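# Descriptive structure summary
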Protein chains: 2
Amino acid sequence: MSTFDLKSFLEAQQARVEALLHARSARLEPSGTPSMLAEAMRYSLMAGGKRLRPVLCLSFADAIAQQSTALRAAEDAACALEYIHTYSLVHDDLPSMDNDDLRRGRPTSHKVYGEAMAILAGDALLTEAFGLLASGPEPVRVALCRELAMASGSSGMVGGQVLDIAEDRPAQMDYLTRMHGKKTGALVRAACRMGVLAAGGSAEDLRRADSYGEAVGLAFQIADDILDVTGDAKLMGKPVGADAAAGRYTFPAVIGLEASWVLAERMVADAVAAVEPIEGPGGPLSVLARYMVERNS
Amino acid sequence: MSTFDLKSFLEAQQARVEALLHARSARLEPSGTPSMLAEAMRYSLMAGGKRLRPVLCLSFADAIAQQSTALRAAEDAACALEYIHTYSLVHDDLPSMDNDDLRRGRPTSHKVYGEAMAILAGDALLTEAFGLLASGPEPVRVALCRELAMASGSSGMVGGQVLDIAEDRPAQMDYLTRMHGKKTGALVRAACRMGVLAAGGSAEDLRRADSYGEAVGLAFQIADDILDVTGDAKLMGKPVGADAAAGRYTFPAVIGLEASWVLAERMVADAVAAVEPIEGPGGPLSVLARYMVERNS
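Right, let's walk through the structure included here. (Residues numbered from 1 in each chain as written. Chains lettered and ligands numbered in written order. Predicted model: local features only at pLDDT ≥ 70, side-chain atom pairs only at ≥ 80, totals over all residues.)

### Concerning the overall build of chain A
Going by this rule: The way it works is that DSSP assigns letters per residue, a run of H or I at least four long becomes a helix, a run of E at least two long becomes a strand, and they are numbered from the N terminus. Computation of the radius of gyration draws on C-alpha atoms alone. For the globule rule, the value is 2.2 Å times the number of residues to the power 0.38. It is the C-beta atoms, placed from the backbone, that decide contacts: two residues are in contact if theirs lie within 7 Å.
When its secondary structure is counted, chain A shows 15 helices and two strands. For a compact globule of 297 residues, the expected C-alpha radius of gyration is about 19 Å, and chain A comes in at 18 Å, within 12% of that figure. Seen through its principal axes, chain A has C-alpha atoms that stretch 50 × 50 × 35 Å. In chain A, the share of contacts with a sequence separation of at least 24, taken over all contacts with a separation of at least 6, comes to 70%.

Structure below.
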């Protein structure tokens, strides 16, 4: 698959995710959500972004199911993943956390709606993620709820955020990988697993999604840290060196830029190897894995 | 059932809930939750309180199932309800919301652990509530997830909190009942419904739980507002008149003290009538309904 193919594939998948999110978030007011809350939820939800987690979820579901009939649960799962990712950004941006005024070039939720509403919009997005997962009749939905709760809860994403803001963070590789493994890795891995689960994949498929998700999540984070050192501020929408300036531990800071590149490349190779038996050589998932480290924003 | 019986019943049920919450929250660290986060979650979760929602859930399940084998899902549901209630208190107490320093006579979560950790402990409790509901094999668990998400999300509890902090609140009865119906009523009603669902009750049982939960939730809230005017500060753990002083709309302020009493009493009568066919006259649920308006804290 050439670079052009990846671009079209990503654009098509992202447009699909936008349409799914639009349809689901349009149901808020009719089901009794106060309009101000619905507006704050959509403000953050519909702010663009790469939609990486939903795209991974849908790509795995597509690769496994090979037909569109089993995909309603996968589509709800894709949206639920983006609801969770969005709520985590809204809460992370709060004054008592990262205190960020801008997100994707727009004022953050608390700058627009105030701090109380930003907290509540985050709480609502988190809750509605599980509402979406539980909204259909397929028996797999309880497994999807379990998967999402484990990945995004106290031993996953929220736990990772706690490790990231802890005062006594050792600048060590094992702390860094444990922190990222929870903070971003767990949800990326869950995105892959939930696609397989929703599509009725085998235990072997699930193990492959696991390996792929773990490798891709780490590659994505290392690339993020490298971009913070070498990237183009305009493309990224934030100043170069912001992480280092904020005292964040990054892979280049802990193991050096060269070793960070080597590790990211190894992760991509691991990811590609994991999905070849599912989609054949050069399929969308392996191209997506390469994109994680070759993107420029 | 005499007053003495209610006291023993409540104490036994509350002790049961404490044991269930203790067992479930003890699993946090072994499953990978950072210890500081687990500590903050337990600080708020194990702070006592009436455990009203879990007691309602278990009481309905007991009344329907008549045997203890079907109760594992009901016990997870009872704990999930208290996780949700607890997270809502932690977030409501935050400086940007009610800015409360004390809760049940102890410093609030953000006073002890800082604002960032209080937000994250709340997020974690919310997420783990769904993790608990999705932790077992019974097919009913997806319905329990749906029920909890609807009651506690943007059209339920979170939506009610948004209505409560909105600037343009009309001091009118329909706004007040709509706000309370979402903010506290929805979760109380869900507690009753989830007990019936977990125990495999009929559609008729579910309708009765619905009527009971709605009436009891409203009666509870009116009694809260009345206690704020007439109560004993020492028993309640907060000063008399705090709601009125904070500019909150209360039932006595909107319809007067006398009409508030009359309405509360009518709600209790409705609730008692709804559950008599399930448990017979004078059973635990009808005594619980009366307790909502006769308590002094």
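### Some remarks on the interface of chain A and chain B
Often, the extent of an interface is quoted as the loss of accessible area on bringing the components together. For the record, the criterion: In this classification, Asp, Glu, Lys and Arg are treated as charged, Ala, Val, Leu, Ile, Met, Phe, Trp, Tyr, Cys and Pro as nonpolar, and every other residue, Gly included, as polar.
Listed per partner, the contact involves 44 residues of chain A and 44 residues of chain B. Residue assignment for the side of chain A that touches chain B shows that the elements contributing at least two residues are helix 2 (35–45), helix 6 (115–133), helix 7 (141–152) and helix 8 (157–165) of chain A. Looking at side-chain class alone, the side of chain A that touches chain B contains 25 nonpolar, 14 polar and five charged residues.

### Topic: the relation of the copies chain A and chain B
The operation relating the two chain copies consists of a rotation about an axis and a shift along that axis. Operational definition: The copies were overlaid by least squares, fitting only the C-alpha atoms of residues that reach a pLDDT of 70 or more in each copy.
Here chain A sits on chain B after a turn of 180° about the axis and a move of 0.0 Å along it, with an RMSD of 0.0 Å. As the rotation angle and translation indicate, the two copies are arranged about a two-fold axis. When C-alpha distances to the rotation axis are compared across chain A, the minimum falls at valine 142 of chain A, with a value of 2.6 Å. The overlap is high: 100% of the interface residues of chain A also sit at the interface in chain B, so the same surface is used on both sides.

### Here we look at unusual backbone geometry
All names here are of chain A. Here is the rule we go by: In this scheme the burial state of a residue depends on its C-beta neighbours within 10 Å: 20 or more other such atoms mean buried, 12 or fewer mean exposed, and anything in between means partly exposed; the C-beta positions come from the backbone.
Of note in the backbone geometry, arginine 104 takes a positive phi value of approximately 50° without being a glycine. Locating arginine 104 in the fold gives a position in the loop between strand 1 (102–103) and strand 2 (106–107). For arginine 104, a count of 12 C-beta atoms within 10 Å translates into the label exposed.

### Considerations on the environment of phenylalanine 9 of chain A
Here phenylalanine 9 of chain A shows up in helix 1 (residues 3–25). Sequence separation of phenylalanine 9 of chain A and valine 287 of chain A is 278 residues, and the distance between their C-alpha atoms is 9.8 Å.

### Re the nonpolar core
As a reminder of what qualifies: We call a set of buried Ala, Val, Leu, Ile, Met, Phe, Trp, Tyr and Cys residues a nonpolar core when their C-beta atoms link them within 7 Å.
Counting residues in each nonpolar core, the largest one holds 184 residues, and the members touching the most others are Ala219 of chain A together with Ala219 of chain B. Residues contacting alanine 219 of chain B, with those up to four places away along its chain left out, are Ala264, Met267, Val268, Ala271, Met292 and Val293 of chain B.

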